[in-house]
Amino acid sequence: MAHVPYEQRWAAARKRFEAATAKHRPKDAKAVAAALNGDAALVKALKSGDAVHRAGATGDGAGDEAAKALVAAGKDAVKARKAYLATLAKALDEALNQDAASRGDKAAAAACERAMKALAKDAAELEAAIGVDADRFKVQAVQAEKDAASAERAQKRWEANINGALARAAAGVAKVRAKPTPETYNELFPALARDLATQLAAAKALDGLRADPDFYRRKLAPWAGQGGDGPPMQVPPDYTARQITDLIKEFATVCKGVVQLVGGR
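Residues numbered from 1 in each chain as written. Predicted model: local features only at pLDDT ≥ 70, side-chain atom pairs only at ≥ 80, totals over all residues. Heavy atoms only, no water.

Some details on the pattern of salt bridges
Close approach of charged atoms lets side chains of opposite charge pair.
Reasoning step 1: Across all of its chains, the model carries 16 salt bridges by this definition.
Reasoning step 2: In this structure, the salt-bridge partner of Asp133 is Arg136, at a minimum N-O distance of 3.3 Å. Here Asp133 pairs with Arg136, and both are found in helix α5 (residues 106-178), just three residues apart, close to one helical turn.
Reasoning step 3: Take Asp133: its relative accessible area is 11%, and that puts it in the buried class.
Reasoning step 4: Looking at Arg136, the relative accessible area reads 34%, which means it is partly exposed.
Reasoning step 5: Measuring nitrogen to oxygen at the nearest pair gives 3.9 Å for the salt bridge that ties Lys138 to Asp135. In this pair, Lys138 and Asp135 are both assigned in helix α5, three residues apart and thus about one turn of the helix distant. (Salt bridge = Lys/Arg side-chain N within 4 Å of Asp/Glu carboxyl O. Helix = DSSP H or I, 4+ residues; strand = E, 2+ residues; numbered from the N terminus. Buried < 20%, exposed > 50% of the residue type's maximum accessible area, 1.4 Å probe, protein only.)

Some remarks on empty space enclosed by the protein
Reasoning step 1: The tally for this structure, following the rule as stated, stands at one cavity of 30 Å³ or more.
Reasoning step 2: Looking at the largest cavity, its volume works out to about 40 Å³.
Reasoning step 3: Around the largest cavity, the lining residues are Trp10, Leu42, Leu46, Ala77, Ala123, Leu126 and Glu127.
Reasoning step 4: Every element with two or more residues in the lining of the largest cavity is listed here: α3 (40-57) and α5.
Reasoning step 5: Among the elements that take part in the lining of the largest cavity, α5 stands out by supplying three residues, more than any other.
Reasoning step 6: In terms of residue class, the lining of the largest cavity is made up of six nonpolar, no polar and one charged. (1 Å grid on protein atoms, 1.4 Å probe; cavity = no way out; pocket = protein on both sides within 12 Å on 5 of 7 lines; lining within 4 Å. Points joined across faces, edges and corners; volume = space filled by probe spheres on them. Nonpolar A, V, L, I, M, F, W, Y, C, P; charged D, E, K, R; others polar.)

Things to note about the packing of aromatic side chains
Reasoning step 1: If you walk through the whole model with that rule in mind, you get five aromatic pairs.
Reasoning step 2: Site record: aromatic cluster; members linked through ring pairs are Tyr185, Phe189, Trp223 and Phe251. (Phe/Tyr/Trp six-rings, centres within 6.5 Å; stacked < 30°, edge-to-face > 60°.)

A word on the confidence of the model for the protein chain
Reasoning step 1: Confidence in the prediction of the protein chain, expressed as mean pLDDT, is 88, and 91% of residues score 70 or more.
Reasoning step 2: Helix α4 (residues 64-103) is the least confidently modelled element of the protein chain, averaging 86 in pLDDT, while helix α6 (residues 182-188) averages 96, the highest of any element. (pLDDT = per-residue confidence, 0-100.)

Some thoughts on the packing of helix α1 (residues 6-21) against α5
Reasoning step 1: Contact geometry of α1 with α5 gives a least axis separation of 9 Å together with a crossing angle of 170 degrees. On the basis of their axis angle, the class for α1 and α5 is roughly antiparallel. For the pair α1 and α5, the contacting residues are Tyr6, Arg9, Trp10, Ala13, Arg14, Arg16, Phe17, Ala20 and Thr21 in the first and Cys112, Ala115, Met116, Leu119, Asp122, Ala123, Glu125, Leu126, Ala129, Ile130 and Asp133 in the second.
Reasoning step 2: Among the residues making up the contact of α1 with α5, the classes are represented as 13 nonpolar, one polar and six charged. (Axes fitted to C-alpha atoms, helices over the stretch in contact; angles between N-to-C directions. Parallel < 35°, antiparallel > 145°, perpendicular 65-115°, else oblique. Contact = heavy atoms within 4.5 Å.)

Considerations on the side chain of Thr21
Reasoning step 1: Structurally, Thr21 is set in helix α1.
Reasoning step 2: For Thr21, a relative accessible area of 0% gives the class buried.
Reasoning step 3: At 2.9 Å, the side chain of Thr21 and the backbone oxygen of Phe17 are in polar contact.
Reasoning step 4: In contact with Thr21, other than residues within four places in its own chain, are Cys112 and Ala115. (Polar contact = N/O pair within 3.5 Å; in protein donor to acceptor, adjacent residues only side chain to side chain.)

Here's what the structure looks like:
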């Protein structure tokens, strides 16, 4: 359900009060008019609450600080509401008493009393709504903290996994360079490349990477392909040491890029 601004709800409550008392207010009651228009402090508190709510709703100010600010706005609203209603009730009562002395209009007093109760109820509901929204922001703050902790754990797990995959890749590169034969090469691929590609796919859920992990995943695709037996995923038995060395050199270059990607966090 869309949030209706607190100030807008108060303005509607005031209009209802004015409509309900329009026929019953004393004709010469400047004090009542002044009291009715004396809600500047209340409106200010509600505007403050609306500003906090807007910031929280857009994600710019959600959390514990937003909850505290909304609680503060609510307290200001309570204080202003008490003073406002007391002043309005007093001015209305005095004017009605004076008017009743000349006209004896009990119906006017009853109608104004009902309108005052309705206005007080509307103000109380507004304050309750502010409290509910503040509680919701508190819950959001707690959840955000949990999410941040979870994200940090996920990041650490990923870093451990990708660094492990890079370490295995580095060992594989060294092994092939030491013995550049088809047998040595084919023992390592495509598993070695798929291990890295899997971790790069998982990196898409993380923030703060220096580059798009898909860029390096695409670079690894020839070594990690899912079909076929051709180079560079697998090499035939007649592949020369030079050909194998060239392939492993290309693979090592891609791995260096992945190292930079991880180190950029």
